[in-house]
Amino acid sequence: MNAIHRALKQGLTHAAVAIAACSFAAGAASAQTYPDRLVTIVVPYGPGGATDIVGRTLADQLGKTLNQSFVVMNKPGAFGLTGMQDVVRQPADGYTLFIGNVSTNTITPLLFSKKMTFNYDESMRVVTKLAEVPGALVATTVNFEPKTFAELVAYAKKNPGKLNYATSGLGSYPHFDTEILNRAAGIDVVHVPLKGGAAEMVTSLISGETQYGFVNAATAESMVKAGRLRALAVVSDKRLPTMPDVPTMAEIGFADIGTMQWQALYVRAGTPEPIVDTLFKAATSVMHSEQSAKILQPAGVIISTSKSLADAQTWQKAEFAKWRRIVTDVKVALD
């Protein structure tokens, strides 16, 4: 009987080894042929914002470089969690990617860990930083006279609680930035969080529902030139060529307030390393292509990629450390 048990055990061991070997071979073959079917890139905002613009540019260029279809799927809502949850439900095979930014992939995991149905660190992996977008502090032109931030502050102090500032949601980076600015300026205003990202923010500002807020300069530029929004300042170390008459935050007396929004490419944690490496090499290459520059640079997007996969990890950790300090020091209202 013991001999039979040993034979069975040995047979099972051999079977397990054979299964593992087959799985490894299948995984290696899959990585070598990746991508051999459609790839979905999830964008956690509605169409039209900087994250969407970067995502669509990347999808188009990756499709041409890797000879496969890459399509963007917009999944706005819940501080980016709606989109991320869609990604983590999928296999870790590189066929569902995610374009995140400072709000969705740094602030959200810090602020809303109790709302998350998954462990962020165990579920998401950064592939590379893609781009940065300077911010712009803008105001509505509908029934709103202030033409500078100093005039806005004076108006707000004469009318406490009557101005509305827009953000792309509770706990988003514009929420923190505007709250820090409001406290520094000593004004009492009302927060209007919007779930649709930059596109909904711009709509709200254009309509006059809200009076001011931080948006991407790339998103605001055309509306400013059309006279539908008024730019009060830009978040940049120097004036932007696209808006040369608009002062920097430092020039209006509020240096170091405001965020240069970044976008980055993510995969499910556990995605095979050869696939991650393929995505890194392809993404960093196409972001620096002439075709991408033609689309992104006129939109005010600064192409900025990681030097390596290890560099991307180091950068992401530094972002978490920075925002952990901000979240701890600036306790914004989340209800």
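Provided above is the structure to which this section pertains.
Conventions we followed
- Residues numbered from 1 in each chain as written.
- Predicted model: local features only at pLDDT ≥ 70, side-chain atom pairs only at ≥ 80, totals over all residues.
- Heavy atoms only, no water.
- Core = buried A, V, L, I, M, F, W, Y, C linked by side-chain atoms within 4.5 Å.
- Buried < 20%, exposed > 50% of the residue type's maximum accessible area, 1.4 Å probe, protein only.
- Helix = DSSP H or I, 4+ residues; strand = E, 2+ residues; numbered from the N terminus.
- Contact = heavy atoms within 4.5 Å.
- Phe/Tyr/Trp six-rings, centres within 6.5 Å; stacked < 30°, edge-to-face > 60°.
- Salt bridge = Lys/Arg side-chain N within 4 Å of Asp/Glu carboxyl O.
- Polar contact = N/O pair within 3.5 Å; in protein donor to acceptor, adjacent residues only side chain to side chain.

**Brief notes about the nonpolar core**
Core analysis: the largest hydrophobic core is formed by 37 residues, its most contacted members being Leu-58, Leu-97 and Leu-130. Residue assignment for this core shows that the elements contributing at least two residues are β1 (39-43), α2 (50-66), β2 (70-74), β3 (96-101), β4 (124-133), β10 (261-268), α10 (273-287) and α11 (290-296). If near-sequence neighbours (up to four positions away) are discounted, Leu-97 is found in contact with Tyr-34, Val-39, Thr-40, Ile-41, Val-42, Phe-70, Val-87, Leu-265, Tyr-266, Val-267 and Leu-279. Counting 25 residues, the second largest nonpolar core, distinct from the first, contains Phe-118, Phe-176, Tyr-266 and Ala-312.

**As for the packing of aromatic side chains**
A ring pair, where both rings are aromatic, is described by two values, the distance of the centres and the angle of the planes. Under the criterion given, the structure shown has nine aromatic pairs. A ring pair is formed by Tyr-34 and Tyr-95, whose centres lie 5.1 Å apart and whose planes are at 70 degrees; its orientation type is edge-to-face. With Tyr-34 in the loop between α1 (2-33) and β1 and Tyr-95 in the loop between α3 (81-88) and β3, the pair connects residues that are 61 residues apart, well separated along the chain. Take Tyr-34: its relative accessible area is 7%, and that puts it in the buried class. Taking the relative accessible area as the measure of exposure, Tyr-95 reaches 5% and is therefore buried.

**Brief notes about the pattern of salt bridges**
Using the criterion set out here, one finds 11 salt bridges in the structure. Between Glu-221 and Lys-225 there is a salt bridge, with its nearest N and O atoms 2.7 Å apart. Taken together, the positions of Glu-221 and Lys-225, both in helix α9 (residues 217-225) and four residues apart, correspond to about one turn of that helix.

**Regarding the side chain of Gln-261**
Considering the arrangement of structural elements, one finds Gln-261 in strand β10. A polar contact of 3.4 Å, which involves the side chain of Gln-261, links it to the side chain of Tyr-173. The contacts of Gln-261, once residues within four sequence positions are left out, are Ala-50, Thr-51, Asn-101, Val-102, Ala-131, Glu-132, Val-133, Tyr-173 and Asn-216.

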